[in-house]
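The residues making up each chain are set out below.
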Amino acid sequence: MDDEDDPVVEEIPVHLSKALAENLYVLQYPVKSATATFDDGRVVNCCVKPINQQIKVDYALDTASRHYDAFKGEQFALAADGKQREKTQKLTFRSGTMDKQSFLSAKPIEDVGRYLVCVMQDGEMHATPLKGIVAMRQMFSYFDKQDTRTKAEQKAERDADGAADDEELTQVTVKFAENERMRKAREKSFNYLSEMEAEEPWCETFWHEKTSSTAELEKQKLFSGTGAGGSGRLASDNAALNVRPAEYMELLISKEKTDRNIDSLLPSKVVCMHKLSHLPLEDQLKVLLTDAKVITSQQIFDLLPNRTLPPEKVRRVLMKVGWLIRGNWVAQAEYVYPDGSVSGTNGVTAEQMRNARDYILYRFTKCDRLERSQLVTITQLPVEEIREILCSIAKLNPADRTWSMLLPSNEASLCVEEQEICERQAAYWKARTEFFNEMERKSNIAGSSSGSGGGSTGGGPTSKRVRKRSTRDS
């Protein structure tokens, strides 16, 4: 057939929407006529089984209608629930009459990949893929309950008449070893699938009327947002193109998902810069000092997410969380070794590690280099713990096997406010001098710093041994 014989009457743009692709089901009622619909029906209960994709809906019956047989409704309720009911028994009809009819879903089609739900608006078609198609058929479970009760009553009557005295037949079940092929065949059987469906509990859900605001909001998700029907969302997308690049990235990428994905990739106790920007200033400085080990003031200002903060404010908070040692900042010991923590090698308590770290920092305020062996003797800590502390603030000099600060002295570049901070913190170290001297006296070690001149290595105070002349007669 030529194109001239079959002209194009109209072109309709088609847009694909996936907002409801994972949750959109079509409910069919094959036993209802086109006129007898549930458009105006009132749903009293709705349950689903998510795994087996089953839906159960209870519609209310108009018991006041002149077409309703009240006597028959009471008979159905009595047959379903019985005359004598246990307290734990869940009633089928709580009102004592058949006041609802239940519908249970079945899957007429397994593969729904070829089916779409489409809506037309302003000459455009918006299509949404389906998750499933189910056929709703009426349940008559109250008849099953009546049959079960009748059989139980008949068995009880037979037992009362002496039928139980007869020789009872015992059913013997023989089970054979099951291989992989038999197991797969059994899992595909109707009995097995029925058992799996029966084991899954029903989950109660909320039913929103089609005229409710919630239903209207869900219907809007059927539009893709790229055509005239989704003009609101399109306007929002266009507005996103008129913002600055940083703001556009925030609109484009979910902060919650980004933080969660980044946190899963980072090692423990490591904070990403994006998450750092949402912390208070004091916590930001704690993270920077702890991660950087030794850092200058300028480096701190460069790493802070908000670089518009006044330097005076940053320095005031820095005094609370760090020590200014030889012009560089280090974290205070309580943030490196918090209460309740222990060292990674020998399990030394946090208090002992804090005291040892403070002593090492105190010695660095007095001299340039320290010897690890002297520190081990004075602090009475294992070699591994002293090395752990030194590695966090100092580096090893291979030439003479001494330790010096990670960064060179920066005292000449300190501003007036930082010099005042040094003077204030010097008062703290002076107050702890007696405690540190007591540590040195208990170690009974003779220091060599005063005798070596210049204080190139750290040690305890110098003591002299006096050899007494022997009084023994020769």
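It should be emphasised that the depicted structure is a prediction, and the values quoted were computed from it without experimental measurement.

### So, the confidence of the model for the protein
Moving on, step 1. The share of residues in the protein with pLDDT of 70 or more is 78%, and the mean pLDDT across the chain is 79.
Moving on, step 2. Within the protein, strand β14 (residues 402-405) carries the highest mean pLDDT (93), whereas helix α19 (residues 449-452) carries the lowest (42).
Moving on, step 3. In this model residues 229-235 is a low-confidence stretch, pLDDT under 50, and it forms 11 contacts with partners more than four residues away in sequence or in other chains.
Moving on, step 4. Across residues 446-474, where pLDDT falls below 50, the model places 39 contacts with residues more than four positions away in sequence or in other chains.

### Looking at the pairing of strand β13 (residues 394-397)
Moving on, step 1. With four bridges connecting them, β13 and β14 associate as antiparallel partners. Bridging across to β14, N397 finds its partner in T402.
Moving on, step 2. The turn linking β13 back onto β14 is made up of four residues, and R401 within it adopts a positive phi angle of 60°.

### Re the nonpolar core
Moving on, step 1. If you look at the biggest cluster of nonpolar residues, it comprises 30 residues, and the most contacted ones within it are I325, V330, I360, F364 and I393.
Moving on, step 2. Listing elements by their share of this core, those giving two or more residues are β10 (322-325), α14 (350-364), α15 (372-379), α16 (383-393), β14 and α18 (433-443).
Moving on, step 3. For this core, the leading source of residues is α14, giving eight residues.
Moving on, step 4. Once residues lying within four places of it in the same chain are set aside, the contact partners of I360 are L370, L375, I389, L390 and I393.

### What about the packing of aromatic side chains?
Moving on, step 1. Overall, the coordinates contain 10 aromatic pairs when judged by the stated rule.
Moving on, step 2. Plain terms: the ring middles of W323 and W429 are 5.1 Å apart, the flat faces sit at 50° to each other, and that makes the pair tilted. A residue pair is termed long-range when its members are at least 10 positions apart, and W323 in strand β10 and W429 in helix α17 (residues 416-431) qualify at 106 residues. An identical accessibility class is assigned to W323 and W429; each is buried.
Moving on, step 3. Above the ring of W202, the side-chain terminus of K56 is found at 5.0 Å from the ring centroid.

### Some details on unusual backbone geometry
Moving on, step 1. Its identity is not glycine, yet R326 carries a phi of approximately 55°, on the positive side.
Moving on, step 2. By secondary structure assignment, the location of R326 is in the loop between β10 and β11 (328-331).
Moving on, step 3. For Q380, which is not glycine, the phi dihedral falls at a positive 60°.
Moving on, step 4. Within the fold, Q380 resides in the loop between α15 and α16.
Moving on, step 5. Classification of Q380 by relative accessible area gives exposed; the value is 57%.

### Brief notes about the state of the cysteines
Linking two cysteines covalently via their sulfur atoms produces the bond known as a disulfide.
Moving on, step 1. Inspection of the entire model under this criterion finds zero disulfides.
Moving on, step 2. C422 forms no disulfide, and the closest cysteine sulfur to it belongs to C415, at a distance of 9.4 Å.
Moving on, step 3. For C422, a relative accessible area of 22% gives the class partly exposed.

### Some points on the packing of helix α1 (residues 70-81) against helix α2 (residues 141-160)
Moving on, step 1. For the pair α1 and α2, interaxial distance at closest approach is 7 Å and the crossing angle is 55°. One finds that α1 runs oblique with respect to α2. Where α1 crosses over α2, the two elements pack in a sense that is left-handed. Counted together, F76, A79, A80 and D81 of α1 and Y142, F143, K145, Q146 and R149 of α2 form the full contact between these two elements.
Moving on, step 2. The residue makeup of the contact of α1 with α2, split by class, is five nonpolar, one polar and three charged.

### A closer look at the packing of α14 against α18
Moving on, step 1. Relative to each other, α14 and α18 sit at 105°, their axes nearing to 11 Å. With respect to their mutual orientation, α14 and α18 come out roughly perpendicular. On the side of α14, the interface is formed by N355, D358, Y359, Y362 and R363, while α18 contributes T433, F435, F436, M439 and E440.
Moving on, step 2. Among the residues forming the contact of α14 with α18, the class breakdown is five nonpolar, two polar and three charged.

### Details of the pattern of salt bridges
Moving on, step 1. Considering all chains together, one arrives at 14 salt bridges under this definition.
Moving on, step 2. Salt-bridge contacts for K100 lead to D58; the nearest nitrogen and oxygen are separated by 3.6 Å. You can see K100 sitting in strand β5 (residues 100-106) and its partner D58 sitting in strand β4 (residues 54-60), a full 42 residues away along the chain.
Moving on, step 3. As a salt-bridge pair, E216 and K219 come within 3.7 Å of each other at their nearest N and O atoms. One end of the pair, E216, and the other, K219, are both in helix α5 (residues 213-220), three residues apart, so they sit about a helical turn from each other.
Moving on, step 4. The exposure class assigned to K219 is partly exposed, which follows from its relative accessible area of 37%.
Moving on, step 5. Each of E282, D283 and K286 takes part in a single network of salt bridges with overlapping partners.

About the thresholds
Residues numbered from 1 in each chain as written. Predicted model: local features only at pLDDT ≥ 70, side-chain atom pairs only at ≥ 80, totals over all residues. Heavy atoms only, no water. pLDDT = per-residue confidence, 0-100. Helix = DSSP H or I, 4+ residues; strand = E, 2+ residues; numbered from the N terminus. Contact = heavy atoms within 4.5 Å. Pairing = 2+ DSSP bridges. Core = buried A, V, L, I, M, F, W, Y, C linked by side-chain atoms within 4.5 Å. Buried < 20%, exposed > 50% of the residue type's maximum accessible area, 1.4 Å probe, protein only. Phe/Tyr/Trp six-rings, centres within 6.5 Å; stacked < 30°, edge-to-face > 60°. Lys NZ or Arg CZ within 6 Å of the ring centre and 35° of its normal. Disulfide = S-S within 2.5 Å. Axes fitted to C-alpha atoms, helices over the stretch in contact; angles between N-to-C directions. Parallel < 35°, antiparallel > 145°, perpendicular 65-115°, else oblique. Left-handed = near helix turned anticlockwise from the far one by under 90°. Nonpolar A, V, L, I, M, F, W, Y, C, P; charged D, E, K, R; others polar. Salt bridge = Lys/Arg side-chain N within 4 Å of Asp/Glu carboxyl O.

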